[in-house]
Amino acid sequence: MKKKQKFVHLAAWCTLGMFIIYCILMYSITGGICPFRGLFGIPCPACGSTRAMIRCAKGDFIGGMRMNPSAPLLFLLLINEIRVSYFRRGNKKAAMLLLVTSVTVSLAVYLVRMRLYFPHMEPYIIERRSLLFRILHPFVSLG
C-alpha cells in the first residue's frame, strides 16, 4: 500500500474513532448526539433532515416532507451541488442562488414549526439535559 493510501486509511479510522467517542460522550451528557440540541436544549433547524433525506433518496418525497418540510429542496440542493462541484456541469451562480434560497426556506420553515409546535410536540420539546438548561436551571425557573 502506498504511503498516501495508508495516511488516508489512518485518517479515516481516526475520524471514525473520534466520531464514536463524540457520540458516546454527547449521549451520556445530554441524551442525544445533536450538538445544537445538546447545548441549547431546543431542536436545531435541521431537525429531521437526515431521516428526510434518506426518504427522499428512496423516492419517498412525501415521507421526507413529513420529517422536515424543506427536505426535498435540500435534497435537490445536494444533488445539484454534487453535479456542479464534482462533475463540473451547470452554473455556479445558479447553484449559489439555489443554496441561498434553500437556506432561507429552511430557516423560515424552522421558525414556523417552532412557533406552531414548540414545546408541546416531539421533536420540538425542551431537552432538559442540555448544557444551557443545566447552567440556567439554578438561576431561573424554567418549568
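None of these values were measured; they are calculated from a predicted model.

*Asks:* Can you lay out the packing of aromatic side chains for me, pointing to particular residues and giving the numbers?
*Replies:* Applying the stated criterion across every chain, the model contains four aromatic pairs. Note on Phe61 and Phe75: the rings are 5.9 Å apart at their centroids and 70° apart in plane angle, and the pair reads as edge-to-face. Remark: Phe75 occurs in helix 5 (residues 71-85) and Phe61 occurs in helix 4 (residues 61-67); sequence separation between them is 14 residues. Residue classification places Phe61 among the partly exposed residues on the basis of a relative accessible area of 34%.

*Asks:* Help me get a handle on the confidence of the model for the protein, residues and values and all.
*Replies:* Here the protein averages 85 in pLDDT, and 97% of its residues register 70 or above. Within the protein, the lowest mean pLDDT, 83, falls on helix 5, and the highest, 89, falls on helix 1 (residues 3-30).

*Asks:* Lay out a nonpolar patch on the surface with the relevant residues and their values.
*Replies:* A contiguous nonpolar surface patch, about 760 Å² in accessible area, is contributed by Ile21, Leu25, Ile29, Leu39, Phe40, Leu131, Leu132, Ile135 and Leu136. Within the residue set of the nonpolar patch, elements represented by two or more residues are helix 1, helix 2 (35-40) and helix 7 (131-136). No other element matches helix 7, which puts four residues into the nonpolar patch. Looking at the element boundaries, Leu39 is found in helix 2.

*Asks:* Describe in detail the environment of Pro72, supporting the description with residues and values.
*Replies:* In this structure, Pro72 sits in helix 5. Judged by relative accessible area, Pro72 falls into the buried class, the value being 14%. Setting aside its immediate chain neighbours within four residues, Pro72 contacts Cys56, Phe61 and Met65.

*Asks:* Which residues make up the packing of helix 5 against helix 6 (residues 92-117), and what values do they have?
*Replies:* Axis separation between helix 5 and helix 6 bottoms out at 10 Å; the angle between their running directions is 155°. With respect to helix 6, the element helix 5 is oriented roughly antiparallel. The way helix 5 lies across helix 6 gives a crossing that is left-handed. Residues Leu73, Leu74, Leu76, Leu77, Asn80, Glu81 and Val84 of helix 5 lie in contact with helix 6, whose contacting residues are Lys92, Ala95, Leu98, Leu99, Thr101, Ser102, Val105 and Ser106.

The rules we used
Residues numbered from 1 in each chain as written. Predicted model: local features only at pLDDT ≥ 70, side-chain atom pairs only at ≥ 80, totals over all residues. Heavy atoms only, no water. Phe/Tyr/Trp six-rings, centres within 6.5 Å; stacked < 30°, edge-to-face > 60°. Helix = DSSP H or I, 4+ residues; strand = E, 2+ residues; numbered from the N terminus. Buried < 20%, exposed > 50% of the residue type's maximum accessible area, 1.4 Å probe, protein only. pLDDT = per-residue confidence, 0-100. Patch = residues over 30% accessible without salt bridge, like charges linked within 9 Å, V, L, I, M, F, W, Y side chains within 5 Å. Areas by Shrake-Rupley, 256 points an atom, 1.4 Å probe, with all protein chains shown as cover. Salt bridge = Lys/Arg side-chain N within 4 Å of Asp/Glu carboxyl O. Contact = heavy atoms within 4.5 Å. Axes fitted to C-alpha atoms, helices over the stretch in contact; angles between N-to-C directions. Parallel < 35°, antiparallel > 145°, perpendicular 65-115°, else oblique. Left-handed = near helix turned anticlockwise from the far one by under 90°.

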